[in-house]
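Reading the structure
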Amino acid sequence: MKKFFLMVFCCLPLLTGAQPQAVQEAALADTVVSSLPFAVLENAHLLSEARIRAYYPVLDAAGNHLLFSDGNTGALLLYDFTRDTVLTVTRAYVAGGDAAFGGDGKVYYVTQQVGADRLVYRTGRCYDPASHQSQAVTGPRHGVMQPVRARQSGVIKEAGFLTQNIAAGDTVVYVEGSTVHVVLDGEDRSFSPVESQAGYLWPSLSPDGTRVLFFAAGKGAVVIDLQGRVLAMLGNYEMPCWWDDSYVVAQHAEDDGHQITSSQLMLLKADGSQAQPLTEPSSMAMQPASAAGRIVYSTIDGLLYEMKIEMNE
């Protein structure tokens, strides 16, 4: 699930600041903003009758389930598109700020508690949408812990290592600081293909499993292959996610140094050649999630929308 708004706010000043000339040419000048051959079929407000505020949406690979947070305590909720129902995964503090679907269709998330020694302890947990049961997959630990993306399995990452055995042939991607990790055939390969002192965020594997998309603070959205070679610099767009193997959906926000003043969704060609808005800047659309042809996003005031588009090429 997406990082908290605070992290996004911290990144925005970097995005609008000056960049080295070579980076500007690679990341921006080569991106042609022109008409992409698509049509918006629908842009519908989700959960309007439930009056639920929703942030940090995440879709499962099949596009049948949607994770989101209520934004207040970080509680984690699950929307079932098929049944049109909302279930509470947990009301544990901050659990909704960073959760993910594993390749097994289960939900992986982290809760935190203050121990008797007044230190913060985190526990990795797994929720099964089929049985509605949740169980711990790690014991309480003091230190950083987060779910990471895997194609087949579900993985909780602790400081310096992955807690679960990764399924044979599985691919896992995650970031640490200004390093992106690709775990392939049991080997953890680390790359720093783009210089970024403020680090990387929001890594994801392309649907065909051949490329990694991530955001480098101060540089924008980046596509690399599984050997760490830069394939495309998509421009100054945040929270990028794959729409399919050829297109990426991302957020483009502007701020006045204190708060976000506009935010819109962009559709980007994954090779960096084209980009076009999906929404107007005044829509305050942000935090896109995409899978199986669905695009779901939140607005700054917590309204949840589903957009359906059709490519005409």
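Numbers given to residues run from 1 along each chain, matching the order in which its sequence is written. Local features in this predicted model are restricted to residues whose pLDDT is 70 or higher, and side-chain atom pairs enter the listing and the counts only when it is 80 or higher, whereas totals over whole chains, interfaces and linings include all residues. Excluded from the side-chain calculation are hydrogens and water; included are all heavy atoms of the structure.

Moving on, we get to the overall build of the protein chain. Under the scheme used here, helices are H or I runs from DSSP no shorter than 4 residues and strands are E runs no shorter than 2 residues, and both carry numbers assigned from the N terminus. For the protein chain, the helix and strand inventory stands at two helices and 27 strands. Classification of residues uses two cut-offs on accessible area relative to the type maximum, computed with a 1.4 Å probe and protein chains only: under 20% is buried, over 50% is exposed, and between them is partly exposed. Looking at the protein chain residue by residue over its 313 residues, the buried ones come to 53%. Pairs at least 24 apart in sequence give 43% of the contacts found in the protein chain among residues at least 6 apart. With an accessible surface of roughly 13,700 Å², the protein chain has 49% of that area assigned to carbon and sulfur atoms. The criterion used for residue contact is that any of the two residues' heavy atoms lie within 4.5 Å. Here the accessible surface of atoms and residues is derived via Shrake-Rupley with a 1.4 Å probe, and residues count as covered only by protein chains that are part of the display.

For this analysis, a nonpolar core means a set of buried residues of the types Ala, Val, Leu, Ile, Met, Phe, Trp, Tyr and Cys, connected via side-chain atoms within 4.5 Å. Among the nonpolar cores identified, the biggest contains 16 residues, and Val180, Val182, Tyr200, Val212, Phe214 and Val222 are the most heavily contacted of them. Taken together, the elements giving at least two residues each to this core come down to strand 14 (171–176), strand 15 (179–184), strand 17 (200–205), strand 18 (211–216) and strand 19 (220–225). Not counting residues within four places of it along the chain, the set of residues in contact with Tyr200 comprises Val175, Gly177, Ser178, Thr179, Val180, Phe191, Ser192, Pro193, Val194, Phe214, Phe215 and Ala216. Formed by 15 residues, the second largest nonpolar core is a distinct cluster that contains Tyr247, Leu265, Ala285 and Met311.

By this definition, two strands are paired if DSSP reports at least two bridges between them. With antiparallel pairing, four strands are arranged side by side in an open sheet as 17-18-19-20. Only two strands of the sheet have a single partner each, and these edge strands are strand 17 and strand 20 (230–235). Shown here is a sheet whose adjacent strand axes are inclined to one another by a mean of 20 degrees, direction ignored. Here strand 17 pairs with strand 18 via four bridges, running antiparallel. Each residue of the ladder has a partner; that of Ser204, found in strand 18, is Leu213. Each axis is a line fitted through C-alpha atoms, taken for helices only over the stretch in contact, and angles between the N-to-C directions span 0 to 180 degrees.

For the rest of this paragraph, the subject is the pattern of salt bridges. Put simply, a salt bridge is a Lys or Arg side-chain nitrogen that is within 4 Å of an Asp or Glu carboxyl oxygen. Within this structure, the stated rule accounts for ten salt bridges. A salt bridge links Asp225 to Arg229; its shortest N-O distance comes to 2.8 Å. By relative accessible area, Asp225 is classed as buried at 10%. Through salt bridges with shared partners, a single network forms among Asp208, Arg211 and Asp245.

Here the focus is the pairing of strand 15. Of all six residues that make up strand 15, five are buried, and the element is covered over most of its length. With six bridges connecting them, strand 14 and strand 15 associate as antiparallel partners. Of the residues in strand 15, the one forming a bridge with Tyr174 is His181. Taken together, strand 14 and the strand that follows it, strand 15, pair antiparallel across an intervening segment of two residues, in which Gly177 is found at a positive phi of about 60 degrees. Note: strand 15 against strand 16 (residues 187–191), five bridges, orientation antiparallel. Bridge pairing in strand 16 places Val183 opposite Asp188. Where strand 15 hands over to strand 16, the hairpin turn is made up of two residues, of which Asp185 adopts a positive phi near 55 degrees.

So, about the packing of aromatic side chains. The rule is short: rings of Phe, Tyr and Trp, with Trp giving its six-membered ring, pair when the centres are within 6.5 Å, and they are stacked under 30 degrees, edge-to-face over 60, tilted in between. On inspection of all chains with the given rule, the structure shows five aromatic pairs. Ring centres of Tyr200 and Phe214 lie 4.6 Å apart, and the angle between their planes is 40 degrees; this geometry places the pair in the tilted category. Residue Tyr200 is found in strand 17, and its partner Phe214 is found in strand 18; the two are separated by 14 residues along the sequence. With respect to class, Tyr200 is no different from Phe214; both count as buried. For the pair Trp202 and Phe215, a centre-to-centre distance of 5.1 Å together with 50 degrees between the ring planes defines the contact as tilted. Linking Trp202 in strand 17 with Phe215 in strand 18, this pair joins segments that are 13 residues apart in sequence. Phe215 carries the same exposure label as Trp202, and that label is buried. The ring of Phe81 has Arg294 lying over it, and the distance from NZ or CZ to the ring centre is 3.8 Å. Note on criteria: charge over ring means Lys NZ or Arg CZ within 6 Å of the ring centre, with the direction from the centre no more than 35 degrees off the ring normal.

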